[in-house]
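Structural overview
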Amino acid sequence: MNYYKSDYILTMKDIVREGHPILAEKTKEVPVPIAEEDKESLISMMNYIKNSQDPALAKKYGLRPGVGLSANQVGLNKRMFVAYFTDFDDKLHEYHVVNPKIVSHSVSMTYLPEGEGCLSVDRPVEGYVPRYEKIKVKAYDINGQEFTLRLKGYASIVFQHEIDHLNGIMFYDHINKQNPFKLPENVEIKSLY
C-alpha cells in the first residue's frame, strides 16, 4: 500500500501496532510539491481522527479516539502526520503536517499527569513522558506551503508525540525505565495542569 484514497474510511484494522518494524524506522521525506496521492492519504488520515472523536461514528466503525495520526501508523513510510484537537483555551487545532522539523524548543518541560496514549499501543502504559513546554516547528501544509508554528502546552505535546513517530520513537521510550513516575532532574518541569 503506497497511499489511501481520500474517501477510504480508515479503521483500527489499518492501524499498525507496536512491534511492527515501520514504527521503529525514521520515515522518508515527502517530495514537495506534494503528490495527489499524499494529499489523499492525509485527508483519509484526518477523517479517521475526526470520525474517532464523533461518538456515533466511533461506535459504528469501532474506532479508538485519537488527536493525531502519523503516516507510519497506517503503514506509509512518509514524513507526514495529521492533528485535530481542542486545546485548553478552547482553540481548535487542525493540521496536515508534511516534513516537520523542530527548529527550537524551550528549556522548560511539561508532561501530562495521566501519561500519554497511542493508537498503535493496545495496553495501558503508566509513567510520565517529559516534553518541551514550547516548540517552534517548520513544515509544509497539504498544499505544499511552508509554515512556521509556535506551540505550547498541549499542542506542543501532541506535535512532539507525532514527530517522534516519524523518527521511529514511541512515547514510552521517554519514560524513566527504573521509576516511571520520576521526572528529569536539573530542568524546570511541571505538570500541564
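This one's a predicted model, so the numbers in the text were calculated from it and none came from an experiment.

1. Some points on the pattern of salt bridges
All chains considered together, the criterion is met by 13 salt bridges. A salt bridge links glutamate 116 to arginine 131, with the shortest nitrogen-to-oxygen separation between them at 3.0 Å. Of this pair, glutamate 116 sits in the loop between strand S4 (109-111) and strand S5 (131-132) while arginine 131 sits in strand S5, and the two are 15 residues apart along the sequence. Owing to a relative accessible area of 2%, arginine 131 belongs among the buried residues under this scheme. The salt bridge involving glutamate 133 is made with lysine 190; its shortest N-O contact spans 3.2 Å. With a gap of 57 residues between them, glutamate 133 in the loop between S5 and strand S6 (134-140) and lysine 190 in strand S8 (residues 189-191) connect regions that are remote in the sequence. Using a relative accessible area of 44% as the deciding quantity, one classes lysine 190 as partly exposed. Linked through salt bridges whose partners overlap, the residues forming this network are Arg17, Arg64 and Asp122.

2. Focus: the UniProt feature "binding site: Fe cation" (unreviewed entry) in the chain
Per the UniProt record, "binding site: Fe cation" (unreviewed entry) is found at Cys118, His161 and His165. The named residues occupy 48 residues along the chain; their greatest pairwise C-alpha distance, 10.2 Å, places them in one compact cluster. Relative to the assigned elements, cysteine 118 resides in the loop between S4 and S5. Under the relative-accessibility criterion, cysteine 118 is labelled buried at 7%. By the element assignment, histidine 161 lies in helix H3 (residues 153-166). Residues within four places of histidine 161 in sequence aside, it is in contact with Glu116, Gly117, Cys118, Arg131 and Phe171.

3. Thoughts on the packing of aromatic side chains
A complete count under the given rule lists nine aromatic pairs for this structure. Their ring planes at 25° and their centres at 5.4 Å tell us that tyrosine 4 and tyrosine 8 sit as a pair that is stacked. Note on tyrosine 4: relative accessible area 5%, which makes it buried. Taking relative accessible area as the criterion, tyrosine 8 reaches 29% and is therefore assigned partly exposed. Measuring from ring centre to ring centre gives 5.2 Å for tyrosine 95 and phenylalanine 159, while their planes differ by 85°; the resulting arrangement is edge-to-face. Taken together, the residues tyrosine 95 in strand S3 (residues 92-105) and phenylalanine 159 in helix H3 connect sequence positions 64 residues apart. The pair tyrosine 95 / phenylalanine 159 is uniform in exposure class, with both members buried. An aromatic cluster of three or more residues is present, and its members are Phe85, Phe88, Tyr154 and Tyr193.

Calculation notes
- Residues numbered from 1 in each chain as written.
- Predicted model: local features only at pLDDT ≥ 70, side-chain atom pairs only at ≥ 80, totals over all residues.
- Heavy atoms only, no water.
- Salt bridge = Lys/Arg side-chain N within 4 Å of Asp/Glu carboxyl O.
- Helix = DSSP H or I, 4+ residues; strand = E, 2+ residues; numbered from the N terminus.
- Buried < 20%, exposed > 50% of the residue type's maximum accessible area, 1.4 Å probe, protein only.
- UniProt positions renumbered as here; feature names shortened; annotations may be inferred.
- Contact = heavy atoms within 4.5 Å.
- Phe/Tyr/Trp six-rings, centres within 6.5 Å; stacked < 30°, edge-to-face > 60°.

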